[in-house]
Amino acid sequence: MKVTVNGEPRELPEDASVADAVASVTAARTGVAAALNGEVVRRSAWETTALRDDDRLEVLTAVQGG
Amino acid sequence: MSDPLVIAGEELGSRLIMGTGGAPSMRVLREALTASGTELTTVAMRRVDPAARGSVLDVLAECGIRVLPNTAGCFTAGEAVLTAKLAREALGTDWVKLEVIADERTLLPDPIELVEAAEQLVDDGFVVLPYTNDDPVLAHRLEQIGCAAVMPLGSPIGSGLGIRNPHNIELIVERAGVPVILDAGLGTASDAALAMELGCDAVLLATAVTRAQHPARMAAAMRHAVEGGRLARLAGRIPKRRYAQASSPFEGLATS
């Protein structure tokens, strides 16, 4: 399955979840949030939210700014 | 004298809100934040960087400073709303510094997108602190929408030009029923003192400290300036006069 994670194309197993995709870019579990196709996915739903071909996932954290 | 800043019913002991952008290292940032005495500090939300070492969140946690996520870099209401929602999920706070800019050269707020985003976020239960133009009409609109404070700019972000339109800031303060936080453009301590003397409830700054030659020293200067300006405002300054008014009596002078 081909998905886009933080703007980069990524190949993931067919049964991959949001949690799997997040784990592919960061080991952090706090201070991180994910949006799937423009909608926030609550952390409690990461494991149970399945990905589909061509999904776009954004994984954000806090950085210096403002 | 206890004189807390109250935003959305929550008390903050310091009227200096800090940003974290521009600090050359986490060590320098930690020293500056500590010297500033701030209790509320902004961070930006960005894609995770697998190579990043050390988190600004760790620094804030160590210093016991509350985090205020911003929506810096967003050009549309849609981007800002999504960023605010991601920040709420990542950081567990419904406070947001709402920033919707019009272009990269001036970084000035886009008032149309700003109002649209503020409406959506207030409806969604956020405590919205909007970075706004120094426009009394727009500031009032943002308050009417339900924003918990208004944060007019002194001058463009990072410019260090100070408060270019003190009269507008005074007009915003006169009319506001929510805290007014002077945000952006301050260059040095006298700018922060002026903001408070004009009646602002707090000051938000980053670059003036983080890019100063000695960030921790400038942070301390800003802390004192904010406290001094606040005290001066509460004390009530003397009216300005066209001519001198002697402070020593003329009676009883020796004659030659």
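To be clear, the structure that these remarks concern was listed above.
Given the structure is predicted, the values throughout are model-derived calculations rather than measurements. (Residues numbered from 1 in each chain as written. Chains lettered and ligands numbered in written order. Predicted model: local features only at pLDDT ≥ 70, side-chain atom pairs only at ≥ 80, totals over all residues.)

A. Examining the overall build of chain A more closely. Each helix and strand in chain A was counted, giving 1 helix and 5 strands. Listing every helix and strand of chain A by position from the N terminus yields β-β-α-β-β-β. Taken over 66 residues, chain A has a buried fraction of 33%. (Helix = DSSP H or I, 4+ residues; strand = E, 2+ residues; numbered from the N terminus. Buried ≥ 20, exposed ≤ 12 C-beta atoms within 10 Å, placed from the backbone.)

B. Local environment of helix α9 (residues 215-235) of chain B. All names here are of chain B. Its 21 residues place the ends of α9 30 Å apart at the C-alpha level, agreeing with the 30 Å of an ideal helix rising 1.5 Å per residue. All of the buried residues in α9 are Pro215, Met218, Ala219, Ala221, Met222, Arg223, Ala225, Val226, Gly229 and Arg230. Looking one or two residues beyond α9, the residue adopting positive phi is glycine 236, at roughly 85°. (Expected span 1.5 Å × (residues − 1).)

C. Expanded view of the interface of chain A and chain B. Contact residues are listed per partner, giving 20 residues for chain A and 27 residues for chain B. Counting residues per element, the ones that place at least two in the side of chain A that touches chain B are β3 (32-36) and β5 (56-64) of chain A. Sorting elements by how many residues they give to the side of chain A that touches chain B places β5(A) first, with 7 residues. Split into classes, the residues belonging to the side of chain A that touches chain B amount to 9 nonpolar, 8 polar and 3 charged. (Contact = placed C-beta atoms within 7 Å. Nonpolar A, V, L, I, M, F, W, Y, C, P; charged D, E, K, R; others polar.)

D. Representation of the sheet that holds strand β6 (residues 95-98) of chain B within the structure. Residues and elements named next belong to chain B. Spatial ordering of the open sheet is given by β6-β7-β8, a layout of 3 strands whose pairing is parallel. Both edges of this open sheet fall to β6 and β8 (151-152), since each of them pairs with a single strand only. Sheet analysis places β6 next to strand β7 (residues 127-132), joined by 4 bridges and oriented parallel. Along β7, the bridge assignment pairs leucine 98 with proline 130. (Pairing = 2+ DSSP bridges.)

E. Structural detail: the environment of B:Ala235. Residue placement: B:Ala235 occurs in helix α9. Along the backbone, B:Ala235 and B:Leu86 are 149 residues apart, and their C-alpha atoms lie at a distance of 43 Å.

F. Structural view of the packing of helix α1 (residues 26-36) of chain B against α9(B). All names here are of chain B. Following both chains from N to C, one finds α1 and α9 inclined at 20°, their axes separated by 7 Å at the closest point. By the angle class used here, α1 and α9 are roughly parallel. In this structure, α1 crosses over α9, and the sense of that crossing is right-handed. The segment α1 lies against α9, with Val28, Glu31, Ala32, Ala35 and Ser36 engaging Pro215, Ala216, Ala219, Ala220, Met222 and Arg223. Residues belonging to the contact of α1 with α9 are distributed by class as follows: 8 nonpolar, 1 polar and 2 charged. (Axes fitted to C-alpha atoms, helices over the stretch in contact; angles between N-to-C directions. Parallel < 35°, antiparallel > 145°, perpendicular 65-115°, else oblique. Left-handed = near helix turned anticlockwise from the far one by under 90°.)

G. Inspection of the nonpolar core at higher detail. Counting residues in each nonpolar core, the largest one holds 99 residues, and the members touching the most others are B:Leu98, B:Ile181, B:Ala192, B:Cys200, B:Val203, B:Leu205 and B:Met222. The contact partners of B:Ala192, leaving out residues within four places of it in the chain, are B:Leu186, B:Val203, B:Leu205, B:Met222, B:Ala225, B:Val226 and B:Gly229. (Core = buried A, V, L, I, M, F, W, Y, C linked by C-beta atoms within 7 Å.)

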